[in-house]
Amino acid sequence: MPYEYWCGACDAVSPEQRQREVDAEQELVEHRRAAHGALRPAAGDGVRHVHSEARGDGLLPAGWFWALLFLLGLFLANCSGLLAR
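Throughout what follows, the structure given in this document is the object of discussion. (Residues numbered from 1 in each chain as written. Predicted model: local features only at pLDDT ≥ 70, side-chain atom pairs only at ≥ 80, totals over all residues. Heavy atoms only, no water.)

**Some details on the overall build of the protein chain**
Thought 1: From N to C terminus, the protein chain includes 2 helices and 3 strands.
Thought 2: Looking at the 85 residues of the protein chain, the share that counts as buried comes to 22%.
Thought 3: Here the protein chain has roughly 6,300 Å² of accessible surface; of this, 58% comes from carbon and sulfur atoms. (Helix = DSSP H or I, 4+ residues; strand = E, 2+ residues; numbered from the N terminus. Buried < 20%, exposed > 50% of the residue type's maximum accessible area, 1.4 Å probe, protein only. Areas by Shrake-Rupley, 256 points an atom, 1.4 Å probe, with all protein chains shown as cover.)

This is the structure:
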């Protein structure tokens, strides 16, 4: 799972997702130096997991799955004669 840093003070996030948490933490430190004088902002910041699944939380299948399921339902309905009437 990729990682990214986020900053609550200036709504900044990593320009790219990193595969290693250490790399995202390094970007966080660089952002603190550049934007906040190397201090942690009062609004908070941190490193988080980023889910690359459908909605971003990994709970639902991706959109292609639902489209395939819908087309399969249409095909089966057509085969059984429900759509021919």
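There's more to say after this.
**So, the side chain of Asp45**
Thought 1: Within the secondary structure layout, Asp45 lies in strand S3 (residues 45–49).
Thought 2: What makes Asp45 buried here is its relative accessible area of 5%.
Thought 3: Side chain to side chain, Asp45 and Arg32 meet in a polar contact 2.8 Å long.
Thought 4: Leave out the neighbours within four places in its chain, and Asp45 touches Trp6, Cys7, Gly8, Leu28, Arg32 and Arg40. (Polar contact = N/O pair within 3.5 Å; in protein donor to acceptor, adjacent residues only side chain to side chain. Contact = heavy atoms within 4.5 Å.)

**Here's the deal with the pattern of salt bridges**
Thought 1: Applying the stated criterion across every chain yields a total of 6 salt bridges.
Thought 2: Between Arg18 and Glu27 there is a salt bridge; the shortest N-O distance is 2.4 Å.
Thought 3: Residue Glu27 is classed as buried on the basis of its relative accessible area of 12%.
Thought 4: The residue Asp45 makes a salt bridge to Arg32 at a minimum N-O spacing of 2.8 Å. Taken together, the residues span a long stretch of sequence, with Asp45 in strand S3 and Arg32 in helix H1 (residues 21–36) at a distance of 13 residues. One exposure class covers both Asp45 and Arg32, and it is buried.
Thought 5: Here the salt bridges share partners, and the residues they tie into one network are Glu16, Arg18 and Glu27. (Salt bridge = Lys/Arg side-chain N within 4 Å of Asp/Glu carboxyl O.)

**Some remarks on the packing of aromatic side chains**
Remark: the centre distance and the inter-plane angle together describe each pair of aromatic rings, the angle taken between the planes.
Thought 1: Under the defined criterion, the tally for this structure stands at 2 aromatic pairs.
Thought 2: Each ring, one from Trp64 and one from Phe65, has its centre 6.3 Å from the other, and the planes form 85°; the classification is edge-to-face.
Thought 3: Residue Trp64 is classed as exposed on the basis of its relative accessible area, which comes to 61%.
Thought 4: Between Phe65 and Trp66, the aromatic rings sit 5.4 Å apart at their centres with planes inclined by 75°, giving edge-to-face as the arrangement.
Thought 5: You can call Trp66 partly exposed: its relative accessible area is 44%.
Thought 6: Aromatic ring contacts, followed pair by pair, group Trp64, Phe65 and Trp66 into a single cluster. (Phe/Tyr/Trp six-rings, centres within 6.5 Å; stacked < 30°, edge-to-face > 60°.)

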